[in-house]
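# Tertiary structure, described
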Amino acid sequence: MERKYEIRCPIHGFIELDDWEWSIINQPAFQRLRRIRQLGLTDYVYPGATHTRFEHSLGVMHVATRLYDAIVARSKNILQKELQYNEDGLKRDRRIVRLAALLHDVGHAPFSHASEELMPQKAHGSRFKHEDYTASIIRMELREAIENHKINQINYDIKAETIAQLIEGNSRLQKGLLFWQTLLISQLDADRMDYLLRDSYHIGVRYGVYDLERLLNSVCAFTVRDESGEEKLTIGVSEDGWHAAESLILARYYMFTQVYYHKTRRAYDYHITRALSDALPDKSLPPPDTLRNIRKFLNFDDWWMLGMISANRAGEHGKIIKNRTHYRMVYSTPETPLPEEIERCNDLYQRLRETMSVGQVFMDTPEKSWYNPEKEEVWIWRDDAVPVLLHEYSHPVKGMQGIRQYRLYAAPEVSQQAKGIVKEV
């Protein structure tokens, strides 16, 4: 009989794995996630936020599997018609989705998103992302563990390349697998469904709580007509579950405004990025282009960085983190500023830079909107009518705008002077 393992999770209860999955999570590249905090230095604001990418990854696998099973149970006929699935195909792709969800975060650098600024640039100018490192780790470091296990060799013959391509959303994937990428990257993905509940639990807030069970009872697959007029298969929720979808969108909004974009948390993102730059041998992370570089990258985790900070080998910003003498916010625009408010913030920043010493001030800018209603909407299936987008039902979602708040920070010793300049201008 095939051996099963259970891991107790405070969010989902017991998470079940088989011997193949157990062997993968015991690989050093995956165990490293125990040493990568989910929310960077958020515990400097919310002391309970010390959970890791390890437990989150298990949770994402669990939720992705439940979503997959719910969609197959409710929409098997259309999956068979549109994607030519049979029972064996559904069984095999379920495995691939589980493994992709499990491994989707193995490429995170120390303190998660705070270190992505230190990832090197690609040949054409854009910067590598943690997904690029994830795909390379799967192809190079985890390939043997994925491909050579007996369960895989006897039953599935799944290749590491296929899992990496699913995470990347590679267009070369067969149509059925590419369809399931929605469970990894979308407004209804397993990633955010897990982290909202998990982050809320560990932080001790209720902002990220939504009705997961209702979503699972209403998620389904159906065809919609895109902007070009072509029909495509998509994942959405049935009409009776639209309030649950709305609650997920609102939960993410509240968590962003109250936690992820908290003014002090953002200051520590700035400090850890600068401290990492001072601590890394080349002031940046190695590119994910060779096995040698990947293994160098895997040596960098939160424990390594905390050791560098403790030993005073992470520059001035490392000392700031160690002593909790972070920069203070001295000015902020509204969440959705007018053009003239952004212009005033830029003018203030230039004035402060001219007045203060180099490095005593910085401006925090929103690199991307947390939610773009034009690109990341949730489709609602109606039995007797054409599917519509969630904002047709939800007034709060229809009125949402991306968070574009700008903030100015100054070192503690000059913060009062900076506030005085802000009042003058």
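Here the structure is a predicted model, which is why all the values come from computation and not from measurement.

Each value, and the rule that gives it
Residues numbered from 1 in each chain as written. Predicted model: local features only at pLDDT ≥ 70, side-chain atom pairs only at ≥ 80, totals over all residues. Heavy atoms only, no water. Core = buried A, V, L, I, M, F, W, Y, C linked by side-chain atoms within 4.5 Å. Buried < 20%, exposed > 50% of the residue type's maximum accessible area, 1.4 Å probe, protein only. Helix = DSSP H or I, 4+ residues; strand = E, 2+ residues; numbered from the N terminus. Axes fitted to C-alpha atoms, helices over the stretch in contact; angles between N-to-C directions. Parallel < 35°, antiparallel > 145°, perpendicular 65-115°, else oblique. Left-handed = near helix turned anticlockwise from the far one by under 90°. Contact = heavy atoms within 4.5 Å. Nonpolar A, V, L, I, M, F, W, Y, C, P; charged D, E, K, R; others polar. Phe/Tyr/Trp six-rings, centres within 6.5 Å; stacked < 30°, edge-to-face > 60°. Lys NZ or Arg CZ within 6 Å of the ring centre and 35° of its normal. Salt bridge = Lys/Arg side-chain N within 4 Å of Asp/Glu carboxyl O.

The subject of this paragraph is the nonpolar core. If you look at the biggest cluster of nonpolar residues, it comprises 117 residues, and the most contacted ones within it are Leu79, Trp180 and Met305. Top element by residues in this core is helix H3 (residues 53–83). It accounts for 14 residues. Core analysis: the second largest hydrophobic core is formed by 23 residues, Ala267, Tyr270, Ile320 and Leu408 among them.

In this section: the packing of helix H13 (residues 263–279) against helix H16 (residues 315–323). Working note: a packed helix pair is described by the angle between its axes plus the distance between those axes. H16 packs onto H13 with a crossing angle of 135 degrees between their chain directions and a minimal axis gap of 7 Å. Taken together, H13 and H16 sit at an angle that is classed as oblique. When the axes of H13 and H16 are compared, the crossing they make is left-handed. Counted together, Tyr268, Tyr270, His271, Ile272, Arg274, Ala275 and Asp278 of H13 and Gly315, Glu316, His317, Gly318, Ile320 and Ile321 of H16 form the full contact between these two elements. In terms of residue class, the contact of H13 with H16 is made up of six nonpolar, four polar and three charged.

This part takes up the packing of aromatic side chains. Tallied over the entire structure, the rule returns 18 aromatic pairs. Plain terms: the ring middles of Tyr5 and Trp22 are 4.2 Å apart, the flat faces sit at 5 degrees to each other, and that makes the pair stacked. Separated by 17 residues along the polypeptide, Tyr5 in strand E1 (residues 4–9) and Trp22 in helix H1 (residues 19–25) bring together distant segments of the chain. Between the aromatic rings of Trp242 and Tyr393, the centroid separation amounts to 5.3 Å while the plane-to-plane angle is 40 degrees, which identifies the pairing as tilted. Placement of Trp242 in helix H12 (residues 242–260) and of Tyr393 in the loop between strand E8 (388–389) and helix H18 (395–398) is noted, with a sequence separation of 151 residues between them. Every member of this aromatic cluster is reached through a ring pair, and the members are Tyr270, Tyr327, Phe362 and Tyr409. The ring centre of Phe54 lies 3.9 Å from the NZ or CZ of Arg34, which sits over that ring.

So, on to the pattern of salt bridges. All chains considered together, the criterion is met by 27 salt bridges. Residues Arg143 and Glu147 are paired through a salt bridge, measuring 3.5 Å at the closest nitrogen-oxygen approach. Remark: Glu147 and Arg143 occur in helix H6 (residues 143–147); sequence separation between them is four residues, near one turn of the helix. Classification of Arg143 as partly exposed rests on a relative accessible area of 40%. Taking the relative accessible area as the measure of exposure, Glu147 reaches 15% and is therefore buried. Where Asp194 meets Arg198, a salt bridge forms, and the shortest distance between an N and an O atom there is 2.9 Å. Taken together, the residues Asp194 and Arg198, both in helix H10 (residues 190–203) and four residues apart, mark about one turn of the helix. The buried category is assigned to Asp194, whose relative accessible area is 0%. Taking the relative accessible area as the measure of exposure, Arg198 reaches 1% and is therefore buried. Because the salt bridges share partners, they merge into one network encompassing Asp18, Glu21, Arg95 and Arg98.

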